[in-house]
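# A closer look at the structure
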Amino acid sequence: KSIAATYMLDDNTGYIKIKSFGETTYPELLISLAQLSQEGFSNLVIDLRDNTGGYMDPAVQMANEFLPKNKLIVYMEGRKSPRKDFMSDGHGSYQKIPLVVLINEASASASEIFAGAMQDNDRATIIGRRSFGKGLVQQQIGVPDGSMIRLTIARYDTPSGR
């Protein structure tokens, strides 16, 4: 499970604690948002403190849920790979809800992609400490003994280039 907690902080404010970004993070988020909708939330806090990241795709899908159409979520580029932009499609159900994202010095990678997209698109208030600062694209290479080597091939940048 990627989501550690979902509950109402008060009569209007929902809270979701995401501890990592894995294959099930986005569907879990949708379930949490549906649960909070039934409880009548009109504000949302997403807690990414101590979230060291994981897969990029769920972070992009999550950002898409909160952004209007044609907003840059993140871009990726490397020395040998051309720039690739990830844009919002405008199909998100929570584009207008007031949003706060909590981060700290242990928030890294995919959590920084989400928080950076929300901040750079003026979509959320970010509260906390400066995040870890890691946005690397890694490719796994298998070794004959069954182990893997992770080779950094590119980096992720927020819409403003951070």
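In what follows, the accompanying structure is described. (Residues numbered from 1 in each chain as written. Predicted model: local features only at pLDDT ≥ 70, side-chain atom pairs only at ≥ 80, totals over all residues. Heavy atoms only, no water.)

### A look at the sheet that holds strand β9 (residues 148–157)
Let me state the cut-off plainly: Strand pairing is assigned whenever DSSP detects at least two bridges linking the two strands. A run of H or I in DSSP counts as a helix once it spans at least four residues, and a run of E counts as a strand once it spans at least two, with each numbered from the N terminus. The axes used here are C-alpha line fits, helices contributing only the stretch in contact, and every angle between their N-to-C directions lies in the interval 0 to 180 degrees. We call two residues contacting when some pair of their heavy atoms lies within 4.5 Å.
Ordered in space as β5-β4-β9-β8, the four strands form an open sheet in which the pairing is antiparallel. The open sheet is flanked by β5 (84–87) and β8 (136–142), the only strands paired with a single partner. On average, each strand axis in the sheet is inclined to that of its neighbour by 30 degrees, with strand direction left out of account. Inspection of the sheet shows β8 paired to β9 by seven bridges, in the antiparallel sense. Bridged to Gln 139 within β9 is Leu 151. Along the sheet, helix α2 (residues 56–66) contacts β4 (72–77), β5 and β9; its crossing angle with β4, the most-contacted strand, is approximately 155 degrees.

### Digging into the packing of helix α1 (residues 25–38) against α2
For clarity, the threshold we go by: Our angle categories are set so that under 35 degrees counts as roughly parallel, over 145 as roughly antiparallel, 65 to 115 as roughly perpendicular, and the remainder as oblique. Throughout this entry, Asp, Glu, Lys and Arg are counted as charged residues, while Ala, Val, Leu, Ile, Met, Phe, Trp, Tyr, Cys and Pro are counted as nonpolar. The remaining residues, Gly among them, count as polar.
Here α1 crosses α2 at 30 degrees, and the two axes come no closer than 8 Å. Taken together, the axes of α1 and α2 are roughly parallel relative to one another. When α1 is examined against α2, the residues Thr 25, Tyr 26, Leu 29, Leu 30 and Leu 33 are found in contact with a partner set consisting of Pro 58, Gln 61, Met 62, Glu 65 and Phe 66. Its residues assigned to classes, the contact of α1 with α2 shows seven nonpolar, two polar and one charged.

### Details of the sheet that holds strand β1 (residues 3–8)
Taking strand neighbours across the sheet as the criterion, the five strands line up as β1-β2-β3-β6-β7 in an open arrangement whose pairing is mixed. Edge strands, defined here as strands with exactly one partner in the open sheet, are β1 and β7 (125–128). Here the average twist between neighbouring strands, direction ignored, is 15 degrees. The pairing of strand β2 (residues 13–18) with strand β3 (residues 43–47) spans five bridges and is parallel.

### Comments concerning the environment of Gly 133
Residue position: Gly 133 is located in the loop between β7 and β8. Between the C-alpha atoms of Gly 133 and Val 60, which are 73 residues apart in sequence, the distance is 17 Å.

### Description of a nonpolar patch on the surface
Worth spelling out the cut-off: Put simply, a patch holds well-exposed residues, over 30% relative accessible area, that have no salt bridge, with like charges counted together within 9 Å and Val, Leu, Ile, Met, Phe, Trp or Tyr side chains within 5 Å. The accessible surface values rely on the Shrake-Rupley method and a 1.4 Å probe; as for residues, cover is taken only from the protein chains in view. The rule for a salt bridge is simple: a side-chain nitrogen of Lys or Arg has to be within 4 Å of a carboxyl oxygen of Asp or Glu. Exposure categories follow from relative accessible area, calculated using a 1.4 Å probe and restricted to protein chains: below 20% of the type maximum is buried, above 50% is exposed, and the middle band is partly exposed.
There is a patch of nonpolar side chains on the surface, built from Ile 141, Ile 149, Leu 151 and Ile 153 and spanning about 330 Å² of accessible area. Ranked by residues supplied to the nonpolar patch, first place goes to β9 with three residues. With respect to the helices and strands, Leu 151 occurs in strand β9. Judged by its relative accessible area of 44%, Leu 151 falls in the partly exposed class.

### Re unusual backbone geometry
Despite not being glycine, Asp 50 has its phi angle at roughly 65 degrees, a positive value. Relative to the assigned elements, Asp 50 resides in the loop between β3 and α2. Asp 50 sits in the exposed class, given a relative accessible area of 51%. Even without being a glycine, Asp 122 presents a positive backbone phi close to 50 degrees. One can find Asp 122 in the loop between α3 (110–120) and β7.

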